[in-house]
Amino acid sequence: MTIDPNSINVILATDCGSTTTKSVFIERQPDGTFRQTQRGEAPTTVEEPFADVTIGVINAVTEIGEVAGRKLVDEDGRIIQPAGTDADGNPVGCDIYISTSSAGGGLQMMVGGVVKQMTAESAKRAALGAGAIVMDTIAANDGRKPHEQIQRIRELRPDMILLSGGTDGGDEKKVTEIAERIAPARPQPRFGSKFVMPVIFAGNKHARGSVDNAFDESIDLQCVDNLRPTLEEENLGPARDAIHDMFLEHVMAQAPGYDKLMGWTSAPIMPTPGAVGNILTTIAERQGKNALAVDIGGATTDVFSVFDGVFNRTVSANLGMSYSISNVVAEAGLDNVLRWVHLEGMDDRELRNRVKNKMIRPTTIPQSREALVFEQAVAREALRLAYVRHKEFATTLKGVQQQRTVGDTFSQKTSGATIVDAMKLDLLVASGGVLSHAPRMSQTALMLVDAFEPEGFTTLAKDSIFMMPHLGVLASVHAEASEQVFTRDCLVVLGTCVAAAGDVKWGKPAFSWEMRGSQNAEGELLGGQLKLVELTAGETATVTVKPARGIDLGAGPGNPVAHEVTGGSVGLILDARGRPIALPESRDEARDVVEGWYRELNIIDEGDA
Amino acid sequence: MGQAYTPGLKVTTDTLLKQRRVLPLRGEVMVQANTTVGAQDVVARAELPGDIMPINMANRLSVPPGDVRSLLQVEQGMQINKGDVLAETKGIFGLMKSKVLSDHSGVVESISDTTGQLILRGPSTPVEVLAYLPGKVVEVLDGEGVVIENQVSLIQGIFGIGGEAFGPICMATSSHEEALEPSHITDNMRGAIVVGGARVSHAAVQRAIEVGVAGIVAGGVDDADLKAMLGYDLGVAITGSERIGLTVVITEGFGEIAMSERTFRILQSREGRQASVNGATQIRAGVMRPEIVIPVEANDAHDNAESQWEAGQLAIGRPLRVIRDPWFGRIGTVSSLPAEPAVLDSGSRTRVLEVDFGNGEKAIVPRANVELIEA
């Protein structure tokens, strides 16, 4: 369906999550720009006794209608489209209605390829980019014996399978072998025994016939362009589109009420994380920025990034703040968590029991200050680990031959190097309970800085009501409206972080700084120091920094940099702690240092311990 | 909002329990509708297709994949025994032939001309589903399983490990506040569901395994003890498939915590009776808690003191348990339900309630941090 963007004035969007359906209302303003004006939410109704997602959608939309004084749902329980006026001249309806969905656990996929680091990894990137959870990756060289792989496929219950392998014109045999392992395993889908398992083949186009022969009627095979037509090229678009189509045709169609919902929407329903990727890519493209967004939930942490136009998404399935909090502590180690705790007297055994109690009662919230400090310390480690995994995954293509010149003699750059560069990062966006609902904005800002360790100049922001999914689908219909709402209403700018990388020595001069603009100030920072400078929302200034020898703030070691910065609810954070942030080994000393940072950022008040 | 809802764990002396007992794949239902079944009766059975063994015949014969079929001495669907000849090369002038023998027994499922692979499927494995809930078969799900129903005493735990277990209830401690130690486990507890009061130690579990105890029900467990029992640090609460030698059901949580007095009392009143327990826990969407199920008998005493409350309803006077520090594990009643959100010590603003712990001690607690004691 083609929609003329000029005819759109009133936009209604919903995101059907596992537990909550969130609705937002966007209207064109008299000056022609788009703003988000209302929002509502209601419990998701996919599960029994309702078993119809549209009930939750209508409830969430009705809430908006009541607040906005606009009738959005007609007597038959349908969303009124297009916008107009009723007999009394009152405004009714919306011009477009769009939706995303992650209800029922989202889209769960298994991917396969020939070489784990090459075609299988490209397949994984395609699936993650489309918004799926990748349950397992099967490859000829994944270290498992064929019967072990088959056993694993039998145990999984994916919604669909993406199979790749072989460059076009290359080996056909290996990829057919993988297909021959999937076929007898007869993977069972999650929904319904009558459901035919969709398999997307995005491998060597010459192997389509033999792959087709490997499967019988229990598989619905769809062949699309090779996602790795040559070793040097990755072409994820056709596979991602096929995943979205199959998601709508097979997975969504099985979920209660979605057939009805699909008939209402003006654009195809997207998996929620896929939509987040869409908005981030749109913003990065339109504003020429490198951006990174994180969504930390109870069970998983999603990291999305766009560097030099290349989008990557990772899902850390067992890094979360409730269901998987115990796993975070096990993986990071309690000592690593406690380095962020400035309070004394926390007993290790009691803390471990508390972590397990949060795991089995995931909906509880920290009541005491001590519990909050500990939970935010765990969050730093969950975010850090998720970021490490993201950096490892977001790489240049592996297996590509590099042409080296004399100039590269001393360079260690190889194929498969990470494309995530903390110095190049322009925008860092936070979302998810522990970040969005932190009692103080400065807590959110410092959790981001401590976990992601941005270098140079980076704008920090949060998506407090998690509107990115809605705007992601909107971007596919009306990119301009999507960008305007993203910048003005979706993001709450926390401020700008200016951080030193390189050879920072604690206690020695790191850099001098000068701010001119809405606010004027200057000073000098020693290694290990953190400083907060007032620069409120809407204010801008030019910050000039002059680093000491060996220290880099974006223009190379020792070189001064000037940059326009924006203020926010926190302000300008000057960070001379070096990268990586190394705390004193003694827990007592580390506690004092961390306490000093928290005081500087007003995370703790005067008089508080 | 007129009412607030906070789900709790079910602890009741008498409730109608319905259980769907289904096979993982289609099979045969062994019982008929309206018959009575015992806990360990087999109600459905199926044959799980055997393991798959791919054999790379092209490599083994040193021929191109397309030539494999002409050298095979077996056909699709044929039953093969270990050591049988699968294929034989033509050799040179009929001499120096080499044979490929099967390393496994099974049925030839497919032969590929593209890859030269032969797929052998091993013998199937029988899967049986037990009734688990002794009672009446109220529905037969054709080829899938049954629905069983019975009046039972039902106690849901908060966390467990291990799968389904059966045995008579055996009280090991004299009070709900007494920790379960190795000294409480005696040889006559073999095959029993042993109930301890407060925290169960790793040593007590080890002793129980030695004796042959079927299951343990206790108030709490320490994180370190759980790690020792499992041999690893549990990251996500999805359990049920552990094989440590018995099933463990924890009713309250982690740490030094006594079993709720009411839970202990109910179990005590059912001492000697056959119980079905399941440690399987899944704390995700579609939450699943461990449980102890004991069929009700005619002369059983009922304790429906709290049945005046609507399930999940938060109201003044309602008994509850605090499930987060600083009052973790304390039991009290709702004494006030302020409508306005309050600012906590942590700085968060949220909806709260006031709990009366008895003896005049009261506290303000976030509504998210309490659990109703459901009858």
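On a predicted model such as this, the values are computed, not experimentally measured, just so you know.

Definitions and limits used
Residues numbered from 1 in each chain as written. Chains lettered and ligands numbered in written order. Predicted model: local features only at pLDDT ≥ 70, side-chain atom pairs only at ≥ 80, totals over all residues. Heavy atoms only, no water. Helix = DSSP H or I, 4+ residues; strand = E, 2+ residues; numbered from the N terminus. Rg over C-alpha atoms; globule rule 2.2 N^0.38 Å. Buried < 20%, exposed > 50% of the residue type's maximum accessible area, 1.4 Å probe, protein only. Contact = heavy atoms within 4.5 Å. Areas by Shrake-Rupley, 256 points an atom, 1.4 Å probe, with all protein chains shown as cover. Lys, Arg positive; Asp, Glu negative; His and termini not counted. Charge placed at Lys NZ, Arg CZ, Asp CG, Glu CD. Buried area = accessible area lost by both parts, 1.4 Å probe. Salt bridge = Lys/Arg side-chain N within 4 Å of Asp/Glu carboxyl O. Polar contact = N/O pair within 3.5 Å; in protein donor to acceptor, adjacent residues only side chain to side chain. Axes fitted to C-alpha atoms, helices over the stretch in contact; angles between N-to-C directions. Parallel < 35°, antiparallel > 145°, perpendicular 65-115°, else oblique. Left-handed = near helix turned anticlockwise from the far one by under 90°. pLDDT = per-residue confidence, 0-100.

Okay, the overall build of chain A next. On a plain count of helices and strands, chain A comes out with 17 helices and 26 strands. Taking 609 residues into account, the globule formula puts the C-alpha radius of gyration at 25 Å, and chain A, at 25 Å, falls close to it. Taken along its principal axes, the extent of the C-alpha atoms in chain A is 75 × 70 × 50 Å. When the 609 residues of chain A are sorted by exposure, 57% land in the buried category. If you take every contact in chain A between residues at least 6 apart in sequence, the share linking residues at least 24 apart comes to 67%. Per element, the accessible surface of chain A, about 23,500 Å² overall, is 46% carbon and sulfur. Looking at chain A, you have 59 positive and 81 negative side-chain charges, and the mean spots of the two groups are 5 Å apart.

Interface size is often expressed as the accessible area that is lost when the parts come together. Listed as interface residues are 41 residues of chain A and, on the opposing side, 54 residues of chain B. Of the roughly 4,000 Å² buried between chain A and chain B, counting both surfaces, carbon and sulfur atoms make up 51%. By the criterion of area lost to chain B, the three top residues of chain A are I360(A), R361(A) and Q367(A), representing 20% of everything that side buries. Counting every contact that joins chain A to chain B gives seven salt bridges. Linking R324(B) and E375(A) is a salt bridge whose minimum nitrogen-to-oxygen distance equals 2.8 Å. The interface formed by chain A and chain B holds 24 residue pairs in polar contact (both at pLDDT 80 or more) in total. Those elements giving two or more residues to the side of chain A that touches chain B turn out to be α3 (146–155), α4 (173–185), α9 (325–332), α11 (348–360) and α12 (369–393) of chain A.

Residues and elements named next belong to chain A. In this fold, L334 is placed in helix α10 (residues 334–338). Spatially, the C-alpha atom of L334 lies 8.0 Å from that of D348, the residues being 14 residues apart in sequence. Apart from the residues within four sequence positions on either side, L334 is in contact with V329, D348, R352 and F374.

Before going further, it helps to examine the packing of α12(A) against helix α14 (residues 441–452) of chain A. Residues and elements named next belong to chain A. Contact geometry of α12 with α14 gives a least axis separation of 8 Å together with a crossing angle of 40°. In terms of orientation, α12 lies oblique with respect to α14. α14 is crossed by α12, and the crossing has right-handed handedness. Contacts between α12 and α14 involve L372, Q376, A379, R380, L383, R384 and Y387 from the first element and Q443, L446, M447, D450, A451 and F452 from the second.

With that out of the way, let us pick up the confidence of the model for chain B. Residues and elements named next belong to chain B. Here chain B averages 89 in pLDDT, while 94% of its residues score no lower than 70. Ranking the elements of chain B by mean pLDDT puts strand β1 (residues 4–5) last, at 49, and strand β17 (residues 193–195) first, at 98. Across the assembled chains, the prediction reports ipTM 0.87 with pTM 0.85.

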